[in-house]
Amino acid sequence: MELSESVQKGFQMLADPGSFDSNAFTLLLRAAFQSLLDAQADEAVLDHPDLKHIDPVVLKHCHAAAATYILEAGKHRADKSTLSTYLEDCKFDRERIELFCTEYQNNKNSLEILLGSIGRSLPHIMDVSWRLEYQIKTNQLHRMYRPAYLVTLSVQNTDSPSYPEISFSCSMEQLQDLVGKLKDASKSLERATQL
Amino acid sequence: MLLELSEEHKEHLSFLPQVDSAVVAEFGRIAVEFLRRGANPKIYEGAARKLNVSSDTVQHGVEGLTYLLTESSKLMISELDFQDSVFVLGFSEELNKLLLQLYLDNRKEIRTILSELAPSLPSYHNLEWRLDVQLASRSLRQQIKPAVTIKLHLNQNGDHNTKVLQTDPATLLHLVQQLEQALEEMKTNHCRRVVRNIK
C-alpha cells in the first residue's frame, strides 16, 4: 500500500492524545467511515460538539487521512496485522489500534461492496420481458397465421444512468435456440462452481 | 375471393395475348426477378426492340403481370378464384393456364418477399456466450466475481447487428426460467384454440 506523507502526518496527529482525546478519536474515526459508506452523509459529519475544540484544519486533515487509509486498506484487503503494523509506525497506542481495527472489521463488508461496485463493465442485463403474438396479416401480406415472440431485455449501463432496452422478435424455433444456448451457459456455470 | 382488376391494369395486361407464350413466360420470369432484386429498365428496352413495340408497352405488361402476381399471392387466393379473376380479361385457354402456373410456382417465394416489407423489429439471429470471472479491478483486489458475457446477433432489414452484454449467474437463471415459460405458453389450451380457430 502506498500512502503519502500527508496521510502519515494526519495519523500521527490522530495518535497524539494531546490533540485528540479518546472520545474525539472515536468520533473522528466513525465520521471517516460514515462519510465513505453512508450515502446520505453530508459535510456536517464533523460538526459534533465534542470535536469543536479542535482546529478545523487539523480536523479536516485527519479526517481525509483516515478516509484515504481506509480506502487503501479496503482496496488491498488488508488484514489486521497489516493495519496494526502501519498504525504502530504512526505511534498509535494499543487501545487506539484495537479501536481502529474493530471499526474497520465492522465496516469491512460494506466497504468491499462499495469498492467492488466502482468500475466500468459491459451493459448489464437486468431483466427480460416477453410477448407472444399471433400474426394474422400485414398490409402487404394477408393470411399469415404464425406465432411470434417479442423479447425485451432491460439493460443497465455503467456509463449513463439510463436503462436502455434491447428488443427483438423471434420465431418459436429461434427462441428455442436462444433458450438452449442460455441453458448451456448456466450448466457450464454450475459445473465450474463445482470444481 | 376474386381479384378486382382496374381498367388501367386490364389495359396493361392486354399486351400479353399479342405475344406468344414463350414471351409471356419470359415476362413472368422477369417480373419475379424484379421482385427479388429490383427493376432494371434496360431489360425493357432490349425486349421492346426484339418485339418491335415501345418500351413503355413492355414495361406496362411486365408491371401488370407483377401486380397480378403480388396481389394474388398477398391474398393467397385459391386456384379457382385466380382462374375466375383472370377469366374477365378474355385471354385464351392456353394463356390462362400459363398465368395460373406462374402464380402457383412463384406464390411461396413472393409471399416471403412480401413478408420482408412488414414493419419489423430487429430479429434474433444467434447468441454466443462466455463465462468470465473478475479477479480484480482498480478499486478492489482479490475478487471472485463470476459473470456471463453474451454476444447477441440481430438482423434488421438485412443489416447484421451485434450487441455485447453481460449478466450475473442469478439473472441468467432468471432469464432461462422466464423464457422457458414463454415457450410453454404456446402449448397451452388457450393458444392451441386460437391457432386452430383463426384460419
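The rules behind each value
- Once a new chain begins, its residue numbering starts again from 1 and follows that chain's sequence as written.
- Chain letters start at A and ligand numbers start at 1, both assigned in the order the entries are written.
- In keeping with the predicted nature of the model, local features appear solely for residues at pLDDT of at least 70, side-chain atom pairs appear and are counted solely at 80 or more, and the whole-chain, interface and lining totals rest on all residues.
- Side-chain metrics rest on all non-hydrogen atoms present in the structure, leaving aside hydrogens and water.
- The criterion used for residue contact is that any of the two residues' heavy atoms lie within 4.5 Å.
- Summed over both partners, the accessible area (1.4 Å probe) lost when two parts come together is defined as the buried area.
- Salt bridges are defined as contacts in which a side-chain nitrogen from Lys or Arg sits within 4 Å of a carboxyl oxygen from Asp or Glu.
- Polar contact is defined as a pair of N or O atoms within 3.5 Å, subject to the rule that within protein one atom must be able to donate a hydrogen and the other to accept it, and that residues adjacent in sequence are counted only when both atoms are side-chain atoms.
- Only runs of H or I of at least four residues qualify as helices and only runs of E of at least two qualify as strands under DSSP, and these elements are numbered from the N terminus.
- Gly is put with the polar residues, along with every residue not named as nonpolar or charged; the nonpolar set is Ala, Val, Leu, Ile, Met, Phe, Trp, Tyr, Cys and Pro, and the charged set is Asp, Glu, Lys and Arg.
- For the purposes of this description, domain bounds are those given by an automatic or database domain assignment.
- UniProt positions are given in the numbering used here, feature names are shortened, and annotations may be inferred rather than shown by experiment.
- Convention adopted: a line fitted to C-alpha atoms gives each axis, helices being fitted over their contacting stretch, and angles between N-to-C directions are expressed from 0 to 180 degrees.
- Here a crossing is called left-handed whenever its near helix is offset anticlockwise from the far helix by less than a right angle, and right-handed whenever the offset is clockwise.

Going by the annotation in an unreviewed UniProt entry, the name recorded for chain B is COMM domain containing 2, with Pan paniscus given as the source organism.

In the annotation of an unreviewed UniProt entry, chain A is listed under the name COMM domain-containing protein 3 and assigned to Pan paniscus.

Draft legend 1. Examining the interface of chain A and chain B more closely. Facing the 55 residues of chain A at the interface are 55 residues of chain B. On the chain A side of the contact with chain B, A:I125, A:W130 and A:L182 bury the most area, a combined 12% of that side's loss. Here chain A is connected to chain B by one salt bridge. Between B:E180 and A:K183 there is a salt bridge, and its shortest N-O distance comes to 2.3 Å. Remark: the boundary between chain A and chain B carries 24 residue pairs in polar contact (both at pLDDT 80 or more). Looking at the side of chain A that touches chain B, the elements with two or more residues in it are α3 (56-75), α5 (94-117), β1 (124-135), β2 (146-156), β3 (165-170) and α6 (172-193) of chain A. Broken down by element, the residue count for the side of chain A that touches chain B peaks at 16 residues, all from α6(A). Across the side of chain A that touches chain B, the residue classes break down as 31 nonpolar, 15 polar and nine charged.

Draft legend 2. Representation of the domain arrangement of chain B. Each domain of chain B was delimited in the assignment, giving domain 1 (7-117) and domain 2 (123-198). On a C-alpha basis, the centres of domain 1 of chain B and domain 2 of chain B stand 45 Å from each other.

Draft legend 3. Structural context of the UniProt feature "domain: COMM" (unreviewed entry) in chain A. Here, the residues flagged by UniProt with the feature "domain: COMM" (unreviewed entry) are residues 124-193 of chain A. Between the C-alpha atoms that bound residues 124-193 of chain A there is a distance of 21 Å. The span itself is 31% helix and 41% strand.

Draft legend 4. Region of the structure containing the packing of helix α3 (residues 41-51) of chain B against helix α4 (residues 55-75) of chain B. All names here are of chain B. Where α3 contacts α4, the two axes come as close as 8 Å, and the packing angle between them is 115°. By crossing handedness, the relation of α3 to α4 is classed as right-handed. Mapping the contact onto sequence places Y44, E45, A47 and A48 in α3 and S55, V58, Q59, V62 and E63 in α4. Its residues assigned to classes, the contact of α3 with α4 shows five nonpolar, two polar and two charged.

Draft legend 5. Inspection of the UniProt feature "domain: COMM" (unreviewed entry) in chain B at higher detail. Cross-referencing UniProt, the feature "domain: COMM" (unreviewed entry) maps to residues 123-190 of chain B in the present numbering. End C-alpha to end C-alpha, residues 123-190 of chain B measures 26 Å, and it is 28% helix and 49% strand.

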